[in-house]
Amino acid sequence: MTFALVDGNNFYVSCERVFQPKLRKLPIIVLSNNDGCAVARSDEAKALGIKMGEPLFKIKDIVQKHNVQVFSSNYELYGDMSHRVVETLSMFSPEIEVYSIDESFLGLDHIPLEHREEYCRKMKNTVFKWTGIPVGIGVGPTKTLSKLANRIAKKWKEFDGVFILPESLEEQDEWLDRIAVEDIWGIGYRTAPKFKQQGIKTAKDVKYAPQDLIKKQFTVVGLRMVQELNGISCLKLEDHHPPQKTIICSRSFGDYVTSFADLSEAIAKHAESASVKLRKQHSVCAAITVFIRTNYFSPKYPQYSNSCTVQFELPTQFTPSLVETAIQGLERIFKDGFHYKKCGIMLHDLCNADAVQQTFFTPEYVVRDASLMQAMDSINQKYGRRTVHSAASGGNNSGKSTWSMRRDKKSPSWTTRWSDIPYLNTDLPIII
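The shown structure was predicted, so the numbers you read here are calculated from the model rather than taken from an experiment.

Cut-offs used in this document
- Residues numbered from 1 in each chain as written.
- Predicted model: local features only at pLDDT ≥ 70, side-chain atom pairs only at ≥ 80, totals over all residues.
- Heavy atoms only, no water.
- Pairing = 2+ DSSP bridges.
- Helix = DSSP H or I, 4+ residues; strand = E, 2+ residues; numbered from the N terminus.
- Axes fitted to C-alpha atoms, helices over the stretch in contact; angles between N-to-C directions.
- Contact = heavy atoms within 4.5 Å.
- Salt bridge = Lys/Arg side-chain N within 4 Å of Asp/Glu carboxyl O.
- Buried < 20%, exposed > 50% of the residue type's maximum accessible area, 1.4 Å probe, protein only.
- Patch = residues over 30% accessible without salt bridge, like charges linked within 9 Å, V, L, I, M, F, W, Y side chains within 5 Å.
- Areas by Shrake-Rupley, 256 points an atom, 1.4 Å probe, with all protein chains shown as cover.
- Lys, Arg positive; Asp, Glu negative; His and termini not counted.
- Charge placed at Lys NZ, Arg CZ, Asp CG, Glu CD.

Q: Could you give an account of the sheet that holds strand β3 (residues 38–41), naming the residues involved and the relevant values?
A: As summarised here, the arrangement of the three strands in space is β3-β2-β4, forming an open sheet in which the pairing is mixed. Unpaired on one side and paired on the other, β3 and β4 (69–71) mark the two borders of the sheet. Strand-to-strand twist across the sheet, computed as the mean angle between neighbouring axes with direction ignored, equals 25 degrees. Pairing analysis gives three bridges linking strand β2 (residues 28–31) to β4, with the strands arranged parallel. Looking at β4, one finds that Ile 29 is bridged to Val 70. In the packing of helix α1 (residues 11–18) onto the sheet, contacts are made with β2, β3 and β4, and the angle to β2 comes to roughly 110 degrees.

Structure, rendered in structure tokens:
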């Protein structure tokens with residue numbers, strides 16, 4: 001099979017530039033939750049020496065000196081723009097796997113070899129024309145090789161964002177010899193030193209490494225990587241992801257939270273969000289865990305953390321039950337006098353909703369609850385997230401709670417909120 005990996009260039013940054021053209025050619029960074037670290041950088045920001053994951057407070061001098069544009073993460077915007085890119089890509093291939101918010105694998109077997117570069121360039125130009133997002137495309141006989149081809153397409157400017165790995169093994173090896181081992185898909189900064197200790201420094205070295213050594217040192221996952229680099233496809237194209245075995249919703253607070261009322265509101269919202277994810281994968285959960293903690297990195301206040309797990313009598317996906325039980329769990333572990341920095345919930349013991357064993361004593365309201373949740377999800381999907389929500393989880397989308405995440409530099413939600421949609425105001429007369 002032939003794989004194409006389409007990857008958005010500096011995706012978060014590109015999303016910000018679509019609706020603010022004045023930002024083009026300017027250094028830009030997008031921050032993580034609570035405006036902590038740089039998680040996306042424009043090429044101009046990278047050239048200034050700003051590293052991925054670098055805390056904002058460490059680079060304030062660079063930001064001020066070079067007028068770096070700083071944005072808080074706008075997940076509503078990024079998610080919607082990702083959906084638009086995927087919708088565009090689906091017109092070019094019947095086989096598509098959305099790997100992440102900015103990456104998708106496509107099958108290209110339906111396109112003859114001699115036309116693939118032209119086809120990929122058309123795909124690249126169409127995505128940019130329709131969404132404003134620049135992408136890079138790498139093509140290879142396996143997912144791993146298409147990943148490396150994508151890296152070449154973006155790093156070597158002469159390819160203008162599209163690179164098709166040559167069929168010749170000799171030419172492939174020449175390119176693999178230019179790729180450092182830490183740049184291979186699946187090898188992180190912790191694993192790379194282990195490879196280098198064995199004298200394996202490039203992708204070509206991994207390709208020809210003794211399989212016994214790889215299997216012994218890096219298990220079956222490493223062996224699969226070697227086979228992928230040798231053109232043996234071990235990773236299939238998946239048009240859907242398997243259901244999650246656990247669902248976690250948690251977040252750090254922008255400011256410290258000390259009251260039970262604020263903490264329970266945050267817990268209720270997490271339980272509400274988790275229930276939506278649960279229903280999307282048609283699952284129910286048999287248990288919920290609630291956890292809270294203070295800031296371990298601050299010696300200013302006393303430290304405390306705790307968790308509580310509650311079992312359900314009957315597995316459920318009903319939002320009110322999950323919210324009520326989560327707050328009951330919080331009541332068991334909450335202690336007054338502490339400055340809490342994070343809380344969250346975890347749903348576990350998940351199973352398919354159709355696999356729950358019913359009994360003669362199953363309450364009639366279980367069926368009614370499922371219908372109610374279906375109606376609520378339909379309303380929220382049509383009119384916007386949290387149009388209908390539990391009272392315990394606080395205000396709507398526009399309301400800012402005391403426990404809300406810090407996003408002081410967030411751009412408008414240009415595509416998902418009516419009040420933020422850009423409009424043109426002109427004094428020109430209307431000619432009828």
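Q: Please give an account of the pattern of salt bridges that cites residues and values.
A: Using the criterion set out here, one finds 13 salt bridges in the structure. Among the ionic pairs, Glu 44 bridges to Arg 17, the shortest N-O distance being 3.1 Å. Here Glu 44, found in helix α2 (residues 43–47), pairs with Arg 17, found in helix α1; they are 27 residues apart in sequence, far enough to count as distant. On the basis of relative accessibility, which here comes to 16%, the residue Arg 17 falls in the buried class. Close ionic contact of Arg 121 with Glu 117 constitutes a salt bridge, the shortest N to O distance being 3.4 Å. Of the two residues, Arg 121 and Glu 117 are both situated in helix α5 (residues 116–131); the distance of four residues between them amounts to about one turn of the helix.

Q: Hey, could you go over a positive patch on the surface for me, with residue numbers and the actual values?
A: Residues Arg 251, Lys 277, Lys 280 and Arg 385 make up a contiguous surface patch of positive charge. On the accessibility criterion, Arg 251 (36% relative accessible area) is partly exposed.

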